Structures are given as structure tokens and as C-alpha cells.
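# Notes for the structure review
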Amino acid sequence: MKLDALQAKQAKIFSSYIATRKVLIADSSSASRAGLARTLVGMGAKTQNLILAPSYEIALSELETHKPHVVICDYDLGSQCGLNLLQEQRKSHPDSQQSLFVLVTGNTSQSAVAQAAEEDIDMYLLKPYTIDVLRNSIIKAAIAKISPSEYQKVINE
């Protein structure tokens, strides 16, 4: 299968996946939240399924209320680290292994990258990024969740 055909197939699979999922976008930057929301809607997300949170506290409240399947958050959420949101998601939603957790950040420190790796997030995206990088990265991460490799299935068990 040619690369373009494969990408088109994966984009279609992702569109079907994201169309039925609640998505929490937590970022202190309103421009970043809006840009992520616009991109996801363009990829098939339903506007009514998007939840936007400007702070950790609001994101945590929305996480508990709406139980989103996809969480996209910044590393720096004011008083808390976005990775704390991942820990809360896992505590309150034991089925969160089926969820997608994406960390979008401008923090390139070695400790932030190491901490993200330890938490086993699904995707780490550095700001600034292009729309194509965002699209390709999130599709790749979602496809890995939707259709895990045999190796990944063994690890998850």
C-alpha cells in the first residue's frame, strides 16, 4: 500500500474513532485550546464532544464530570503539571488504558521528557508544532490504541 493510501486509510479510521469520543483539551493558552479544537474538528471530532479547560482545576472537574476518552493537555497547567491529570484519570477511570493521553508542551527539559516517559503517555508533542505534525502524530498514537501490535498486546497484559 502506498504511503498516501495508508495515510488516507488511517485518517478515515481516526475520523471514525474521534467522532464518537469525548475530548478534553486542557491548556492555559486560549489560542492553543482553540487551535487544537479546530484541528480535531477538521479531523472528525464533534464540537459538542469537545471540552476546553484553561486550568488544572477546571480540567480535573471536567475529567470527573465528562469522563473523556481523549485528553490533550499542556505540561504546565498553572498550579499543577499536566501529568498529574493523567494520574487522576487513571485513578478515577480504571479503563483509561483504552483512553488516549497526549501531552502538548513547550517544556523541553530533560526532567519533563523523562517524567512523561515514565508516566507512559501516548504522545508527547513539542510546541511550536505544525498542523501536519499534530495530525500525523495524533493519528499514529490513536491507531496504536485502536489496533495495537502483537508486541503491545503482550506488554499490556
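Here, every reference points to the structure presented above.
Report follows, based on the coordinates. Remember, predicted model here, so these are calculated numbers, not experimental data. Each chain carries its own residue numbering, running from 1 in the direction its sequence is written. Only residues with pLDDT of at least 70 are given local features in this predicted model, and only at 80 or more are side-chain atom pairs given and counted; all residues enter the totals for whole chains, interfaces and linings. The basis for the side-chain values is all heavy atoms of the structure; hydrogens and waters are excluded.

In this section: unusual backbone geometry. Most peptide bonds adopt trans geometry, and most residues besides glycine take a negative phi value. Backbone torsion omega between K127 and P128 reads -10°, so that peptide bond is classified as cis. The helix count covers DSSP runs of H or I at least four residues long, the strand count covers runs of E at least two residues long, and both are numbered beginning at the N terminus. Inspection of the secondary structure puts P128 in the loop between strand 7 (123-126) and helix 6 (131-146).

What follows deals with the packing of helix 3 (residues 56-66) against helix 4 (residues 82-92). To define axes, lines are fitted to C-alpha atoms, for helices over the stretch in contact only, and angles between the resulting N-to-C directions are given on a 0 to 180 degree scale. Two elements in contact, helix 3 and helix 4, have axes separated by 10 Å at closest approach and are oriented at 20°. The orientation of helix 3 relative to helix 4 falls into the category roughly parallel. In this structure, helix 3 crosses over helix 4, and the sense of that crossing is right-handed. Along the contact surface, helix 3 presents Y56, A59, L60 and L63, while helix 4 presents N84, L85, E88 and Q89. Throughout this description, any angle smaller than 35 degrees is read as roughly parallel, any larger than 145 degrees as roughly antiparallel, any in the 65 to 115 degree range as roughly perpendicular, and the remainder as oblique. Each crossing gets its handedness from the near helix: less than a right angle anticlockwise from the far helix is left-handed, clockwise is right-handed. Whether two residues are in contact is decided by their heavy atoms, any of which lying within 4.5 Å being enough.

Here we take up the pattern of salt bridges. Salt bridge, as applied in this entry: a Lys or Arg side-chain nitrogen positioned within 4 Å of an Asp or Glu carboxyl oxygen. Applying the stated criterion to the full structure yields four salt bridges. Salt-bridge contacts for K145 lead to D122; the nearest nitrogen and oxygen are separated by 3.4 Å. Of the two residues, K145 is situated in helix 6 and D122 in the loop between helix 5 (110-118) and strand 7; the sequence distance between them amounts to 23 residues. Each member of the salt-bridge network shares a partner with another, and the members are D27, D74 and K127.

Here, nonpolar core means buried Ala, Val, Leu, Ile, Met, Phe, Trp, Tyr and Cys residues that are tied together by side-chain atoms lying within 4.5 Å of each other. Using a 1.4 Å probe on the protein chains alone, a residue whose accessible area is under 20% of its type maximum counts as buried, one over 50% counts as exposed, and one in between counts as partly exposed. Ranked by size, the top nonpolar core spans 24 residues in total, and within it F14, V23, L40, I72, L100 and I138 carry the most contacts. Elements with a contribution of two residues or more to this core: helix 1 (3-19), strand 1 (23-26), helix 2 (30-42), strand 3 (70-74), strand 6 (100-105), strand 7 and helix 6. Take this core: its biggest share by element is six residues, from helix 6. Among the nonpolar cores identified, the runner-up in size contains 21 residues, and L24, I51, A59 and F101 belong to it.

A word on the pairing of strand 1. By the alternation rule, side chains of strand 1 split into V23 and I25 and L24 and A26, which are all buried. Strand direction decides the pairing type here: strand 1 and strand 2 (residues 50-53), joined by four bridges, are parallel. Each bridged residue has a counterpart across the sheet, and for I25 the counterpart in strand 2 is L52. Strand pairing requires that DSSP identify at least two bridges connecting the strands.

The subject of this paragraph is the pairing of strand 6. Taking burial as the measure, the six residues of strand 6 include six buried ones, the bulk of the element. Residues of strand 6 alternate between two faces, with L100, V102 and V104 on one and F101, L103 and T105 on the opposite face, all of them buried. The sheet contact formed by strand 6 and strand 7 spans four bridges and is parallel. Bridge pairing in strand 7 places V102 opposite M123. Looking down the strands as they point away from the viewer, one classifies a crossover as right-handed if the path from the first strand across the helix to the second runs clockwise. In this fold, strand 6 hands off to helix 5, which returns the chain to strand 7; that crossover is right-handed.

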